[in-house]
Amino acid sequence: MNNAVLRLTDVTRTHGAAPHEVLALRGVSFAAYPGELVAVMGPSGSGKSTLLTIAGGLDQPSSGEVSVEGVDLARLGQEGRARMRRTSIGYVFQGLNLIPALTATENVALPRELDGVAPRRARAEARRALEEVGILDLADRFPDNMSGGQQQRVAIARAVVGERRLILADEPTGALDTETGEGILQLLRARCDAGAAGVLVTHEARHAAWADRVVFLRDGVVVDETGTDRADVLTEPAAR
Ligand SMILES: Nc1ncnc2c1ncn2[C@@H]1O[C@H](COP(=O)(O)OP(=O)(O)OP(=O)(O)O)[C@@H](O)[C@H]1O
Ligand SMILES: [Mg+2]
């Protein structure tokens, strides 16, 4: 079975040079399938963000393979990866990375415009995504004039605009209050129910409860995975 939207095979990532090198990931394999939301949990420094940036093609593994929709990211080259990021992968960063000089609509439309979608259409798509996350009334506001939760919604809208198939979210609920955080997870869940694959990094068990599976990382290895009886690495969900 190889219809995974995301597949990591024996991925390692080393930061820095010997003798001070840090092994952020040491042989991680895992996959996410259409319709599935996978939570990644683990202590600070266990490699969660490293895993996500590699899955999103923002960083490259030291060894191992990463494929998105069956395409090996290493074979794509820099330009191909950039295109893949704009068209197939939605990324919600641990910091939000909204552009302060752009309105909510402009922030959301940007990846589409970069991909050559005509501005008028990109804006229409952006407004639809803002509507989906419940803040169409803030379409013309700048990030600095929004609450943290509203900014978070803009970041989610930017990650889902254009029907992207893989949504990667690194602590997308940040410092939000419980209710706003649950709203964000509901949006991610809905996107996955509509057919996308999602990977959600979170510290909170109650957020992981929205996921179909939880992958636990410790010191750069997968130490456990719920919904399976194997404690090491495991990629195929039972019935898909
Ligand atoms: N650019 C870098 N240079 C050197 N070491 C790095 C770099 N990025 C990450 N690391 C190291 O790699 C390990 C994994 O970091 P990572 O950011 O993936 O952890 P994390 O699980 O996301 O932690 P947190 O929960 O605090 O966000 C850590 O030991 C970290 O210090
Ligand atoms: Mg992190």
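Please read these numbers as outputs of a predicted model, since none were measured by experiment. (Residues numbered from 1 in each chain as written. Chains lettered and ligands numbered in written order. Predicted model: local features only at pLDDT ≥ 70, side-chain atom pairs only at ≥ 80, totals over all residues. Heavy atoms only, no water.)

Once that is clear, we can look at the pattern of salt bridges. Scanning all chains against the criterion turns up 15 salt bridges. Among the ionic pairs, Glu-69 bridges to Arg-165, the shortest N-O distance being 3.1 Å. Of this pair, Glu-69 sits in the loop between strand S4 (63-68) and strand S5 (71-72) while Arg-165 is found in the loop between helix H5 (148-160) and strand S7 (166-170), placing the two residues 96 residues apart along the sequence. The class of Glu-69 is partly exposed, set by a relative accessible area of 35%. (Salt bridge = Lys/Arg side-chain N within 4 Å of Asp/Glu carboxyl O. Helix = DSSP H or I, 4+ residues; strand = E, 2+ residues; numbered from the N terminus. Buried < 20%, exposed > 50% of the residue type's maximum accessible area, 1.4 Å probe, protein only.)

Consider a sheet: its strands pair through backbone hydrogen bonds, and that pairing is either parallel or antiparallel. Read across the sheet, 4 strands follow the order S2-S1-S4-S5 without closing on themselves; strand pairing throughout is antiparallel. Of all strands in the sheet, those with a lone pairing partner are strand S2 (22-32) and S5, marking the two edges. Across 2 bridges, S4 lies against S5 in antiparallel orientation. Directly across from Val-68, in S5, lies its bridge partner Val-71. In this fold helix H1 (residues 48-55) packs onto strand S1 (6-15), S2 and S4, with an angle of close to 120° to the strand it touches most, S1. (Pairing = 2+ DSSP bridges. Contact = heavy atoms within 4.5 Å. Axes fitted to C-alpha atoms, helices over the stretch in contact; angles between N-to-C directions.)

All right, on to the site of ligand 1 then. In the neighbourhood of ligand 1, 13 residues make up the surrounding shell, with Ser-44, Gly-45, Lys-48, Ser-49 and Thr-50 lying closest. A distance of 2.8 Å separates an oxygen atom of ligand 1 from a polar backbone atom of Gly-45. Out of a free accessible area of 630 Å², ligand 1 has 60% covered by protein chains. Listed by contribution, the elements that provide at least two residues to the shell around ligand 1 are S2 and H1. (Near = heavy atom within 4 Å. Polar contact = N/O pair within 3.5 Å; in protein donor to acceptor, adjacent residues only side chain to side chain. Areas by Shrake-Rupley, 256 points an atom, 1.4 Å probe, with all protein chains shown as cover.)

Over its 15 residues, helix H2 (residues 73-87) runs only 14 Å from end to end, short of the ideal 21 Å by more than 12%, given 1.5 Å per residue. In H2, a bend of some 90° at Glu-79 exceeds every other bend along the element. Against H1, S4, S5 and strand S6 (89-92) lie the buried residues of H2. The N-terminus of H2 is capped by Asp-72, whose side-chain oxygen sits 3.0 Å from the backbone nitrogen of Ala-74. (Expected span 1.5 Å × (residues − 1). Bend = angle between axes of the 7 residues up to and from the residue.)

The next point concerns the domain arrangement of the protein chain. Interfaces are frequently sized by the accessible area removed from exposure as the parts join. Here the protein chain is described as being made up of domain 1 (1-88 + 163-240) and domain 2 (94-158). Of note, the centres of domain 1 and domain 2, computed from C-alpha atoms alone, are 24 Å apart. Counting from both sides, the interface comprises 16 residues of domain 1 and, opposite them, 12 residues of domain 2. Roughly 1200 Å² is buried in total at the junction of domain 1 and domain 2, and carbon and sulfur atoms are behind 51% of that figure. Summed over the three residues of domain 1 that lose the most area to domain 2, namely Arg-86, Arg-164 and Leu-187, the buried surface amounts to 39% of that side. For the interface between domain 1 and domain 2, the tally reads 3 salt bridges. The closest approach of N and O atoms between Arg-83 and Asp-115, which form a salt bridge, is 3.3 Å. On inspection of domain 1 and its partner domain 2, the count reaches 5 residue pairs in polar contact (both at pLDDT 80 or more). (Domains from an automatic or database assignment. Buried area = accessible area lost by both parts, 1.4 Å probe.)

By the element assignment, Thr-178 lies in helix H6 (residues 178-193). Taking relative accessible area as the criterion, Thr-178 reaches 44% and is therefore assigned partly exposed. Separated by 42 residues in the primary sequence, Thr-178 and Leu-136 have C-alpha atoms spaced 22 Å apart.

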